[in-house]
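Observations on the model geometry
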Amino acid sequence: KMKKLILSFIAIFIFIRLSAQSGEVLEMNKISATNGSFTGLTNDYKYFGRGVCSIGDVNKDGYSDLAVSAMNNSTLEGAIFILFLDNNFKVKSYKIIERNINGLTGAFSSMQFFGLNLSNIGDMDNDGINEIAVGNFTGGGNSKGEVFILFLNEVGTIKSFKIIGPNNLTLDNNADFGRSITTINDLDNDGVREVVVGAPGDNDGGAERGALYVLYLTNIGNLKSFKKISSTQGKFHGVINNGAHFGRCLTSIGDLNKDGKTDIVAASLGSTYELWVLFLDSIGNVKTYQKIDSDSGNYKLYDRVRPFDNISYLGDIDGDTNSEIVIGNYNDSVNNISSGVVRIVYLLNNGSVKDVKKISNQNLTNQIEADERFGYSTAYSIDLNDNFKSSILIGSDLRDDGGSNKGAIYLLSLDGAVHPTPPKALWRVNATSGNQNTVFNFTQYSTGFPSAYKWSITPNTFTYQSGTSDTSANPIIKFNQTANYSVQLKVTNPFSSDSLLRSSYISVQKVGVNNAEKNTTAISIFPNPTNGLVQVQSPVNIQTILVFDITGKQLLQQEPNAQTDEININNLPQGLYQIHVQTEMGVLVKKLIKE
């Protein structure tokens, strides 16, 4: 009897496990002119949701933030909203980035589709804030296209930016470089992830066959080198016909074939609308590929007739160690209603299709309107309120909430595998030397969404200020004696913990003694006065660079962790500023003149 009971229990467990469907929508949240506490969609903006991207915790409040693109009604140019969210997917505050607003200053060509495609490219300059690659495929003159690399401040404005386009690359007219963007792992091991950009109008091998560019960037966003993947380059031997527009949308998919390299999926407009799963080698060439169309790759699972409008990574939600992808088809119909359809495509490790799950108005309790273009954009996110499970961000740029074509974005929380995300402890302090009257402000910018903090400091002769403590995220401290203090931060989330110790990091002397100026005379800041770009050089690694105006307001912050760095104050008006350069030797404070 006991044996039968155990077997029955096992059978019930297996039945329950098999009955659970990964990819089922557990919860749906929306941000629009009437939802999510968002007040930014005034009459000046529409088409909110043309592009969407999760950008990590920009303002260091513990919650992931978003970049969402829209259109300015007056200029008919693209705009990007940086949305600062709470843990309920509500907007606490926001910033708008568009031509000549919040740091995007310069002489640009067409900006009509600026922001249509967005990609989080990681923290390139080690300041704790992720950078964003922004497509502008009608820019650059003659629609050659361009990509903006945006470096943000904690408040969501632009600290600096670089443009990759005709000034760096030889592009065909109407190449539409920047029509799609994704980010892959660091191929050349320089600490900066590579960016892959689609140019569907490229003429390699024939008219408008399309191409991909693998961009190798420096930590300040300059183009170092590139690889091109097309019908004639990058060791890609797939047959692409004229007018295929290969690269019209693409995404990275992690290491699908388990060879230690990031793989990508790109779409083209072949006779049956093709997907290409490209397995890359260590230098960005195509090692092998899987074509998914009517003749291969198990395409028969697709009940669709529309082209692929966008593709995004989803991670492994069914627990088979292979990443899934999300495909948006904003003009697809359900029950003869053209509201848009999003599909989760489950892949095998050889790149062929295992299964497809459809998400539409039919299984979202009829909350999607006709012609709102649900699925115009898609992006991957982690649902922190559901134990780190995968979620999908979906744009509907013609949603009529609050007015015609205002647009909306949705966050769909999915059933499926949990993604263990270990934390990484990161912290900084406003000064590394001072005296017993100096107030030291510690700021943690750890990744992995820690839920607990523990600070340890030796020797134990200090006091916490302003109600902070050893478990505060950002404590404020005064040190009580002359000593060199070691500081450690331990962060913990539901999966694991991590610590960062800096030994003898803070030097405290008696009141009236300060050797910072003497110890930092070897630091060079030039040119000064400057027209915009300033070089900083030090014999030891530069920890932090801060720029303040004459009122003491902080305008810029960089954490290069290198002996040389460049700051860009092109967007600041002419006048007098103050620059603080912090190293292990102390803090150098200098006047900086912008001409």
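In what follows, the accompanying structure is described. (Residues numbered from 1 in each chain as written. Predicted model: local features only at pLDDT ≥ 70, side-chain atom pairs only at ≥ 80, totals over all residues. Heavy atoms only, no water.)

**Notes on the packing of aromatic side chains**
Our working rule: Pairing of aromatic side chains here covers Phe, Tyr and the six-membered ring of Trp, requires ring centres within 6.5 Å, and sorts the geometry by plane angle: under 30 degrees stacked, over 60 edge-to-face, intermediate tilted. Put simply, DSSP marks the helices as runs of H or I at least four residues long and the strands as runs of E at least two long, and each gets a number from the N terminus on. Think of it in three bands: residues with accessible area under 20% of the maximum for their type are buried, residues over 50% are exposed, and the middle band is partly exposed, with areas taken using a 1.4 Å probe on protein chains only.
Summed over all chains, the structure comprises 28 aromatic pairs. Plain terms: the ring middles of Tyr45 and Phe81 are 5.3 Å apart, the flat faces sit at 75° to each other, and that makes the pair edge-to-face. A residue pair is termed long-range when its members are at least 10 positions apart, and Tyr45 in strand S2 (residues 45–56) and Phe81 in strand S4 (residues 78–85) qualify at 36 residues. There is no split in this pair, since Tyr45 and Phe81 are both buried. Aromatic pair Trp427 and Tyr505: ring centres 5.5 Å apart, planes at 85°, arrangement edge-to-face.

**Overview of the sheet that holds strand S32 (residues 476–479)**
Note the threshold: In this scheme, strands are said to pair when DSSP sees at least two bridges between them. Under this scheme, a helix contributes an axis fitted over its contacting stretch, all axes are lines through C-alpha atoms, and angles between N-to-C directions fall in the 0 to 180 degree range.
The sheet built from 4 strands is open, its strands ordered S27-S29-S32-S31 with antiparallel pairing. Whereas interior strands pair on both sides, the edge strands pair on one side only; in this sheet they are strand S27 (427–429) and strand S31 (462–464). Direction aside, the axes of adjacent strands within the sheet are offset by 25° on average.

**Focus on the layout of surface pockets**
Keep this limit in mind: As defined here, a cavity is a set of points on a 1 Å grid over the protein atoms alone where a 1.4 Å probe fits but cannot get out. A pocket is an open set with protein on both sides within 12 Å along at least five of seven lines, and residues line them when an atom is within 4 Å of a point. Grid points are joined across faces, edges and corners, and a volume is the space filled by probe spheres set on the points. We call Asp, Glu, Lys and Arg charged. Ala, Val, Leu, Ile, Met, Phe, Trp, Tyr, Cys and Pro are nonpolar, and the rest, Gly among them, are polar.
Approximately 670 Å³ is the volume attributed to the second largest pocket. If one sorts the elements of the lining of the second largest pocket by residue count, strand S37 (residues 554–558) sits on top with 4 residues. For the lining of the second largest pocket, the per-class residue count stands at 10 nonpolar, 15 polar and 5 charged.

**Some points on the pairing of strand S26 (residues 408–418)**
By the criterion of burial, S26 is predominantly enclosed, with 8 of the 11 residues buried. Relative to S26, strand S1 (residues 25–32) runs antiparallel, the two being bridged by 7 bridges. Residue pairing across strands places Val25 opposite Leu414, the latter belonging to S26. Of the strand pairs in this sheet, strand S25 (residues 389–396) and S26 are connected by 7 bridges, and their pairing is antiparallel. Bridge pairing in S26 links Leu393 to Leu411.

**With respect to the environment of Asp263**
So the rule is basically this: Any two residues whose heavy atoms approach within 4.5 Å at even a single point are treated as in contact. Within 3.5 Å is the distance limit for a polar contact, defined as a pair of N or O atoms, with the added protein rule that one can donate a hydrogen and the other accept it, and that residues adjacent in sequence qualify only through two side-chain atoms.
Within the element layout of this structure, Asp263 appears in strand S15 (residues 263–268). Residues within four places of Asp263 in sequence aside, it is in contact with Thr251, Ser252, Ile253, Gly254, Asp255, Leu256, Asn257, Leu278, Phe279 and Leu280. Reaching out from Asp263, the side chain makes a polar contact with the backbone nitrogen of Leu256 at a distance of 2.8 Å.

**What to know about the pairing of strand S16 (residues 274–280)**
Within S16, 7 of the 7 residues are buried, which leaves it mostly tucked inside the rest of the structure. Burial along S16 is two-sided: Glu274, Trp276, Leu278 and Leu280 and Leu275, Val277 and Phe279, pointing in opposite directions, are all buried. Pairing geometry for S15 and S16, over 6 bridges, is antiparallel. Residue pairing in the sheet places Val265 in a bridge with Val277 of S16. In the sheet, S16 pairs with strand S17 (residues 286–292) via 6 bridges, with the strands oriented antiparallel. Residue pairing across strands places Leu278 opposite Tyr289, the latter belonging to S17. Count of turn residues in the S16/S17 antiparallel hairpin: 5 residues, of which Gly284 carries a positive phi of about 95°.

**Details of the pattern of salt bridges**
Filter applied, for reference: Here, a salt bridge means any Lys or Arg side-chain nitrogen found within 4 Å of an Asp or Glu carboxyl oxygen.
Applying the stated criterion across every chain, the model contains 24 salt bridges. We note a salt bridge from Asp188 to Lys224, for which the minimum N-O separation is 3.1 Å. Linking Asp188 in the loop between strand S10 (180–184) and strand S11 (194–199) with Lys224 in strand S13 (residues 223–229), this pair joins segments that are 36 residues apart in sequence. Arg399 serves as the salt-bridge partner of Glu369, at 3.6 Å between the closest nitrogen and oxygen. In this pair, Glu369 is assigned in the loop between strand S23 (353–359) and strand S24 (374–383) and Arg399 in the loop between S25 and S26, connecting sequence segments 30 residues apart. Taking relative accessible area as the criterion, Glu369 reaches 28% and is therefore assigned partly exposed. Each of Lys30, Glu369, Glu372, Arg399 and Asp401 takes part in one network of salt bridges that share partners.

**Some thoughts on empty space enclosed by the protein**
According to the stated counting rule, one finds 1 cavity of 30 Å³ or more in the structure shown. By volume, the largest cavity amounts to about 110 Å³. Lining the largest cavity are 13 residues, with Ser160, Lys162, Ile220, Gln558 and Glu566 positioned closest to its centre. Elements supplying a minimum of two residues to the lining of the largest cavity: strand S9 (158–164) and strand S38 (562–568). With 4 residues, the top contributor of residues to the lining of the largest cavity is S38.

Function-wise, these values are silent; they only describe arrangement.
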